Every structure is written in C-alpha cells, then in structure tokens.
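# Notes for the structure review
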Amino acid sequence: MSTPVSVCSLAQIPQTQIHPVANFHPDVWGNQFMTYTPEDKVIRACKEEQVEDLKKEVRRKFMAAAGKPSQLLKFIDAIQRLGQAYHFEGEIEEAIQQIYCSFHDSNDMDGIFDKFNDHEKGGFKEALITDVQGMLGLYEAVHLRVHGEDILEEALAFCTIHLKAMIKHLEYPLAAHVAHALKWPMRKGLERQEARWYISIYQDEAFHDKTLLALAKLDFNLVQSLHREQLRNLTREANWFHEGHIPTMEEYMRVGLTTAGYTVIATFSFMGMGEIVTKDTFDWVTGNPMIMSSSNLMVRLMDDIKTHKFEQKRGHVSSAIECYMKQYGVSVEQVYSEFYKQMENA
C-alpha cells in the first residue's frame, strides 16, 4: 500500500523555473553587418565637406525664395520630405513664421479653414477638387488635428474621398505620391524610411531642385553608413557570446565604449533646456570630445568591475575583466588595480 503524500510536502519540493522562449522570426539581415567594412575616413571626410557645400547652396536658395510664399512652401515641403529639415531648422522656422504672419494674425484654425467652405451648398467648395496638389497638402495637414477640431475631421473625409476617386486618372509620379499618402500619411511614417521613398519619387518630378536632391542622396548615404557601422559593432557584441569568443581589449572597447551609454544620457540631458541648447551643442556632444570619451571609459570599466561576476554566472558576453585577464595573463585583482588607475587618469 502506497504512502499518501501531503500537500505540504509537495509544496516544499523545489520547482524548476521554466522561462518562456520567444519564437522569433529568423534574422532577415543575415551576416551583412558583421562583414560590413566602414568607409575610409578620408573618403568620408570628403563627402562631409560636399554636404556642407550643398547646405550653403540650399541656404542661398532659401534667401532667393524670400517674398515668394508659394515657392518657399514647396521648397520647405521638399526639404522635409527628403529628410533634410534637421539641417535647416532655423531657416524653416523663420520662413514659416513670416508666411503665417503675412497671411493671418490669429491662432483660430477654424477661421483659416472656413474660407474653403461652401456656405450655400454646405461642405467644401467643389473647386478644390481640381487642385490635386493642394488637396494632397490639405490631406497631409489635417493629420495634425486634435480632438474637437471638427472642420479638420470634415476636411480629412473630403480629401480622402476625392483623392481615392481621382488616383486612377493621375500620372506618375503624382499618382504614386497620392497612393502613398493615402496608405501612409507623412506624419505617421518614420522620417528616414519616408525620405528614402521620396528620393526615388522626387528625382522623377519635372521641376525638382538638383542641389537639394544631391544633398538628400549624399546625406542619406552618410547616415546609413553610420548606422551600418553601429549595427556592425552591436552584432559583433552578440556573435562573441554565441561563439564563446573572448575579444582583445581593443576589440572589446570599440564596442564597450559605445554600449556604455553615457553619450546617449548626456545627449538626452540637453533636451528640454530651451534655446540655450543649439545644434552646435549636439554636434559637440556626439563628436566624442575628451570629457565624453573619458566619461565613457570610466562608466564602462566601473560597470564591468561591479557586474562581471554576476553576468558570467548567468551567461553573458565577456566583460573587460575577462578580456584583459586573457590578453595579459593577469589575475582579476591585478585587472581591478589597472582599471582603477585608468579611471583615475581619465
């Protein structure tokens, strides 16, 4: 006869912790970031110089368009869609403010849109239907509405119905532009992704600005190469773990200084500080000045000293401690001593 087991005794038996494993889709990128070779520094510097020259030319075109609101708004729209607005924030803000003040002296958005209403028949004026570009601009603008702006809700419905009805009668590239906007309005898209799409459309427009197009392409490629280099570094931090590879200190620190995160924290600390912070401020902090490189070094070494034992127990990529021990054949105490010296001298 078997002996009954009490509930209390069962409760005392240690239970194995089973963590759910996510069934992630296979990596669509493969090893392309692992094998990516960063662009030659001289070539990159040359391209950056070209960007600066093109930016100067675009600024001259801003000045030439002053006093021509329609032309200036189209130019600003192209700049924003091409992902170049961050280069010309001051110029865009000043131009928009001047145009707004010259046409309207109130913040009443309902009053601005009321001029498009047909007060006799109700709804919006039928004449708007013939202006596809204007309706497309209105469609994009009303996506900035907030709750309670009923006239903008009406404008959205009006534009959506008529843009869908006329798309089959339009030619490329306007037809592609309208189709894309209906599927994914500009304000709901990712800026870089939208810029890549718009470059391919803008270059086929009959009256595109060649200088602005050249700037957009060059700037996009430079930013893309920077992102690819960053992803290469991160992809290296995961490959090391899976292969059980212990990198050299030089290899580790190229990744470790980035993942220390101090540059990101410092950059965010400037946000919300008002007009005292300029683009030059962010250019400085992301340009790895000595105070930032020293801070990243101290954060990385101190973090590894304090956490490496726990991280190695649970299974983690090698820290600076393990890398230094293997490369120089020293004890963990000697590594601590060396790292404290480096932090003191940083």
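Residues numbered from 1 in each chain as written. Predicted model: local features only at pLDDT ≥ 70, side-chain atom pairs only at ≥ 80, totals over all residues. Heavy atoms only, no water.

## Things to note about the nonpolar core
- Counting residues in each nonpolar core, the largest one holds 27 residues, and the members touching the most others are Val58, Phe62, Ile79 and Leu212.
- Counting residues per element, the ones that place at least two in this core are α2 (41-64), α3 (69-81), α4 (89-103), α9 (191-202) and α10 (210-243).
- Top element by residues in this core is α10. It accounts for seven residues.
- In this structure, Val58 is in contact with Phe75, Ile79, Phe88, Thr211, Leu212 and Leu215, ignoring residues within four places of it in sequence.
- With 19 residues, the next largest nonpolar core counts Leu136, Leu138, Tyr139 and Leu156 among its residues. (Core = buried A, V, L, I, M, F, W, Y, C linked by side-chain atoms within 4.5 Å. Buried < 20%, exposed > 50% of the residue type's maximum accessible area, 1.4 Å probe, protein only. Helix = DSSP H or I, 4+ residues; strand = E, 2+ residues; numbered from the N terminus. Contact = heavy atoms within 4.5 Å.)

## Quick word on helix α12 (residues 262-270)
- Of all the positions in α12, only Ala266, Thr267 and Phe270 are classed as buried. End-on view of α12: buried residues confined to an arc of 100 degrees, all on one side of the axis. Along α12, exposed side chains directed more than 90 degrees from the buried face belong to Ile265 and Phe268.
- Where α12 is buried, its residues contact α13 (279-285) and α14 (290-314).
- With its phi angle positive at about 85 degrees, Gly272 sits one or two positions after the end of α12. (Arc of directions from axis to C-beta.)

## Focus on the confidence of the model for the protein chain
- With 90% of its residues at a pLDDT of 70 or more, the protein chain has an overall mean of 85.
- Ranking the elements of the protein chain by mean pLDDT puts helix α1 (residues 7-11) last, at 44, and helix α8 (residues 174-183) first, at 95. (pLDDT = per-residue confidence, 0-100.)

## Notes on α2
- In a regular helix each residue adds 1.5 Å, so 24 residues correspond to 34 Å; α2 covers 35 Å between its end C-alpha atoms and thus fits that length.
- Among all positions in α2, only Val51, Leu54, Lys55, Val58 and Phe62 are buried.
- Buried residues along α2 sit in contact with α3, α4 and α10.
- Backbone nitrogen of Val42 and a side-chain oxygen of the N-cap are separated by 2.9 Å at the start of α2; the cap is Asp40. (Expected span 1.5 Å × (residues − 1). Polar contact = N/O pair within 3.5 Å; in protein donor to acceptor, adjacent residues only side chain to side chain.)

## Some words on the pattern of salt bridges
- Applying the stated rule across the entire model yields 13 salt bridges.
- The salt bridge involving Glu91 is made with Arg59; its shortest N-O contact spans 2.7 Å. Of this pair, Glu91 sits in helix α4 while Arg59 sits in helix α2, and the two are 32 residues apart along the sequence.
- Glu91 gets classed as partly exposed once you look at its relative accessible area, which sits at 24%.
- Given the relative accessible area of 28%, Arg59 is considered partly exposed.
- With a shortest N-O distance of 2.8 Å, Lys61 and Asp209 are connected by a salt bridge. Taken as a pair, Lys61 in helix α2 and Asp209 in the loop between α9 and α10 lie far apart in primary sequence, 148 residues in all.
- Assessed through its relative accessible area of 25%, Lys61 is described here as partly exposed.
- Residues joined by salt bridges that share partners form a network here, namely Asp77, Arg81 and Glu140. (Salt bridge = Lys/Arg side-chain N within 4 Å of Asp/Glu carboxyl O.)

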